[in-house]
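Read off the chains here:
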Amino acid sequence: MSYHCPVCNKVSKSALDLARHMIGRGDKVHRDWISSKGFKYSELLTLQFKSFGGEGFKALAGVLEKETKVKD
Amino acid sequence: MKKELKFKVNGQPYDIYVKPKTLLVEVLRDHLGLTGTKRGCNSSSCGACTVMLNGMAVKSCSMLALQANGADIMTVEGLAKGNKLHPLQEAFLDHGSYQCGFCTSGMLMALRALLEENPKPTKEQIKEGIDGNICRCTGYNSIIRAVTAVVKGEYKEAK
Amino acid sequence: MSKYSVIGTRVHRVDGPEKVTGSAKYTFDLVLPGMLYGKVLRSPYPHAKILKIDARKAKRLVGVKAVITGKDTIGRKQGIWRRFPELCDEEILCREKVRYIGDPVAAVAAIDEDTAEEALDLIDVEYEPLPAVFDPLEAIKEDAPQIHDGVELNININRHIEWGDVDEAFEKCDHIREDQYKCCPQAHVCMETHDAVVSYDYGGKMTVWTSTQSSYYIQRLMADMTGLREGDIRVIKPPTGGGFGSKFELDSAQFPAAILSMKLCKPIKIVLSREEEFTATKRRTPMYYYLKLGAKKDGTLLAKEARVITEGGAYTAMGATALYLTGFFSSFPYKYPNYRYDGYRAYTNTAPTSAMRGFGAPQSTFVGESQLDMMAEDLGIDPIEIRRKNGMTPNYEVPGQAFIQSCGLHQCLDKIETHIKERGKLPPNHGIGVSAYGFMSGGIFNWFDTPYAFSAAVVRINVDGKVDLFTGACDIGQGSDTTLSMICAEELGVKLEDIRIHAADTGICPPDLGAWGSRETLMNGNAVKRAAADCKRQLLEVAAAKMAPNIVYDFDIKDCWVHLVDRPERGVSYYDIVKEAIRGRDGNAIMGRGYYTPHRKGMISPAYSFGVQVAEVEVDPETGRYKLINVTTAHESGTVINPVGIEGQLEGAIMMAGGYGFCEDQPMDEGKILNPSIADYKLIRSLDMPETEILEIDTYEPEGPFGAKEAGEGLTNPTAGAIGNAVYKAVGVRINDLPITPEKVLRALKEKQKKSK
């Protein structure tokens, strides 16, 4: 199973990892995609520093799990 | 309206005219060209401007020049005798008690004044003596080692 | 018996006599004929549009010669990350907008400082204040005011480092810790404030005297910002009263002085006041730190995850480097099989945060060493033991990032362990805290986009054997003039007194990137050694011709004696060979060239130094106050070139790094720094300074000149962590945000008491 970034096609082996990539890239195109799914980028980013357990990634990973999973 | 200022600096008598609000450090540096004394702050807190006035350490940025009328001032330029360095200066060289050197003049004068008042200070008294002088480079301990060596008599004063 | 004649000996610094007699002339002391004095007008608002500047009244004041604003410049933006134009975001003299309290908007040249100061009050600036944001977590919100055009969410830069698979590794851990920290800003507090004298002459050439860590950087940046050719600008560094990371960027003393001088063709002197120094120069980067650490129950560290957001302030400056290095050094000095770092820098309407001695590593070492001690306690493992189990070793590769050649970390741990044992049982409320670090010897990444070798030197031998050493290296107090002279003397085989160094004058010295990232000894030392070796080779050719020994013999020079290495009694005086060499070359002086740029040395640095430090504190549980009793450091920095220098750097680093943990801070209110004076900015004075002890470990770094590597910046890394760990050991409270003040300790003690009831 692999996960392809809907913006730049980078391949990750898990939704969580892909979420990290997208939040980490932080450029406009990735942020816009994230916003289009109803998230506020700043909130996801802030969760990185204010929460334990990677909440910000998990929230986005949930969406990515559904939308970007590709069978190898 | 300038007023007359008569004083001695490093043994040399001066008779000059200064504006009333001129600070002592300004007269020394800008009027007499004795730039060894530095300025590091505007709040009389760093000690870089320390000189000796009538044998006591003073922060020359915290007093008006005219307050020094009739006084005997020593600046760092007055420490060495000709080309023979003062024991404190020799000790500083040996112990590496300076790095950027900007606080060094004030530090030496504070120490000179300390030894004038108390020729055999303890380590704690030396620390108190330079508590008004900030050094951002050395961490003070090499300075204290240098002074301790002078106090122990490891350096001879030039005649 | 040392195999070296000069290096490793205890010498007076070459600039010693002038410094202890007050005869060293700093930029601060410089007076030129016809010189005018400049002052800078700065924004009182953290964020505002500049609508109008009316300087007519100021210009009419008797004694004022010129008033300039951003409109008098060529309108470029600059930054030290020249390779990335989007990070060159600072105009210095603002044209449309101000972004922090203290951002310059105008400058005046007058016959004296008082007149210039008076003129500032007569400049009318009409601002339109804009909403401002001060905290990075607020700045990244969608509704936060945008500080720079085109930078949405004020996210200036992000950096990521990763190897292995931390998520998988955390699954395998027996114990995981997650902790959050806040690292405060810090002011450099150089004793000499930022200053410059700039003289632009009628021939179109500019000379700049300035207190700087890199005369080459100032030359290049000044050329970028004035439109002059680099070669038409000469930057001279007089004795400089401290830098510590604050003085290698183009600043608001140099640039306005340059523009004023170009307008008037007169020398202009600008000296920043201490208040300007605190509010309008750059400072240590404050960081929010999140760490997750996973280990097996035997103490083997399996994974570490670090996330950082930094308060960038109004401009990028060197913030990008601090962001990267804090993430890189978060992995030091341990072998993590799995590691991940995500760092973000947000613009805020505060004074820009940039480089300060340690460059992000004091922050990462504080948080990392604090957490590691907690992990050790959780697992029931001794703090030295957990560090020993995971510590880096020689010839270790940080996966994909760096190759560590020499590393004496384990010897340092052994020495410190012995020291702690010898200290024995501690009195009540005393604690000893450990902290380990590793640090770079200069950076590899060419963010400045220089075409030159990173370091270069020229050596010239006069007919009397006296040597002139020309190098761009900048002595800012750390002693590079002395260290490089020692390297030159050792390589050439002469005495230290035979060397005269001419440094940091771009008009006569080859370029050097400057004194930052702890690079001078290794990088410039290599250049100097090569230049001296070039001269030596020329002399040895003459000696070989003169003495004509069997071809199997080698020559060398030691103590001014040119001799056969295997038969040292067979030789000739260096002074005689010099004369013959010059005559033999048609009268040409003997000159040697050397340069150094690290190639294929990983991503970060060609070499790393390591150390372990312990701090002993005594806490008064009634008040939370604590005393720094002793700081002992075992460290290794390869071959010690200048022992007096290294001791000085170590003790000085403890004062600065200790201050970071103990008392230094810049509280702010709506972007205004509340303690911009030496009276109010607490730092360690003589009475607070602990006893210091140095335990030197012998190592040899193949990449460095005679085996030397950095010392002086790495030593600012461990102290805050050692203090934090010591306070915890003393009274059982852990403070996770710097500085560790008595108020915080007391509050934590009271909480602890409440919880235990």
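Note that this is a predicted model, so its numbers are computed, not measured.

J.: Just give me the short version of the packing of aromatic side chains, but keep the residues and values in it.
T.: All names here are of chain C. Counting across every chain of the model gives 33 aromatic pairs over all chains. Between W81 and F84 the ring centres are 5.6 Å apart and the planes differ by 50 degrees, which places this aromatic pair in the tilted class. By relative accessible area, which is 26% here, F84 ends up partly exposed. With 6.2 Å between their ring centres and 45 degrees between their planes, Y217 and F248 make a pair best called tilted.

J.: I'd love a proper account of the interface of chain C and chain A, names of residues and values included.
T.: Taken together, the contacts link 23 residues of chain C with 22 residues of chain A. Taken together, the two surfaces of chain C and chain A that pack against each other cover about 2,000 Å², and 52% of this comes from carbon and sulfur. Applying the counting rule to chain C against chain A returns 5 salt bridges. For E152 of chain C, the salt bridge is made with R31 of chain A, and the minimal N-O distance between the two is 2.8 Å. If you look at where chain C meets chain A, you find 11 residue pairs in polar contact (both at pLDDT 80 or more). Put simply, the parts of the chain that give the side of chain C that touches chain A at least two residues each are strand 7 (155-163), strand 8 (175-183), strand 15 (301-313) and strand 16 (338-347) of chain C. Class assignment for the residues of the side of chain C that touches chain A results in 9 nonpolar, 3 polar and 11 charged.

J.: I'd like a rundown of the pattern of salt bridges, residues and numbers included.
T.: Summed over the entire model, instances satisfying the criterion amount to 67 salt bridges over all chains. For K37 of chain A, the salt bridge is made with E67 of chain A, and the minimal N-O distance between the two is 3.1 Å. One end of the pair, K37 of chain A, is in the loop between helix 2 (28-36) and helix 3 (41-50); the other, E67 of chain A, is in helix 4 (residues 55-67), and 30 residues separate them in sequence. R29 of chain B is the salt-bridge partner of D29 of chain C, the closest N and O atoms lying 2.7 Å from each other. Here the residue D29 of chain C occupies a position in the loop between helix 1 (16-20) and strand 1 (36-42), and R29 of chain B occupies one in helix 1 (residues 24-31), the pair thus bridging two chains.

J.: I'd love a proper account of the arrangement of the chains, names of residues and values included.
T.: Ranking the 2 pairs of chains in contact by contact count places chains B and C at the top. There is a gap between chain A and chain B: no contact, and a shortest C-alpha distance of 34 Å.

J.: Got a sec to walk through the interface of chain C and chain B? Specific residues and values, please.
T.: Facing 51 residues of chain C, the contacting portion of chain B comprises 49 residues. Interface of chain C and chain B: buried area, both sides summed, is about 4,000 Å²; carbon and sulfur atoms make up 55% of it. Linking chain C to chain B there are 6 salt bridges. Note that K123 of chain B and E691 of chain C form a salt bridge whose closest N and O atoms lie 3.3 Å from each other. Inspection of the region where chain C meets chain B yields 30 residue pairs in polar contact (both at pLDDT 80 or more). Of all the elements in the fold, those that place two or more residues in the side of chain C that touches chain B are helix 1, helix 16 (643-662) and strand 32 (691-696) of chain C. Of the residues that constitute the side of chain C that touches chain B, the class distribution is 22 nonpolar, 17 polar and 12 charged.

J.: Could you give an account of helix 18 (residues 742-756) of chain C, naming the residues involved and the relevant values?
T.: Residues and elements named next belong to chain C. With 15 residues, helix 18 extends 21 Å between its outermost C-alpha atoms, agreeing within 8% with the 21 Å of an ideal straight helix rising 1.5 Å per residue. Within the span of helix 18, buried status applies to K744, V745, L746, A748 and L749. Elements in contact with the buried residues of helix 18: strand 28 (608-619), strand 29 (626-636) and helix 17 (719-731).

Parameters at a glance
- Residues numbered from 1 in each chain as written.
- Chains lettered and ligands numbered in written order.
- Predicted model: local features only at pLDDT ≥ 70, side-chain atom pairs only at ≥ 80, totals over all residues.
- Heavy atoms only, no water.
- Phe/Tyr/Trp six-rings, centres within 6.5 Å; stacked < 30°, edge-to-face > 60°.
- Buried < 20%, exposed > 50% of the residue type's maximum accessible area, 1.4 Å probe, protein only.
- Contact = heavy atoms within 4.5 Å.
- Buried area = accessible area lost by both parts, 1.4 Å probe.
- Salt bridge = Lys/Arg side-chain N within 4 Å of Asp/Glu carboxyl O.
- Polar contact = N/O pair within 3.5 Å; in protein donor to acceptor, adjacent residues only side chain to side chain.
- Helix = DSSP H or I, 4+ residues; strand = E, 2+ residues; numbered from the N terminus.
- Nonpolar A, V, L, I, M, F, W, Y, C, P; charged D, E, K, R; others polar.
- Expected span 1.5 Å × (residues − 1).

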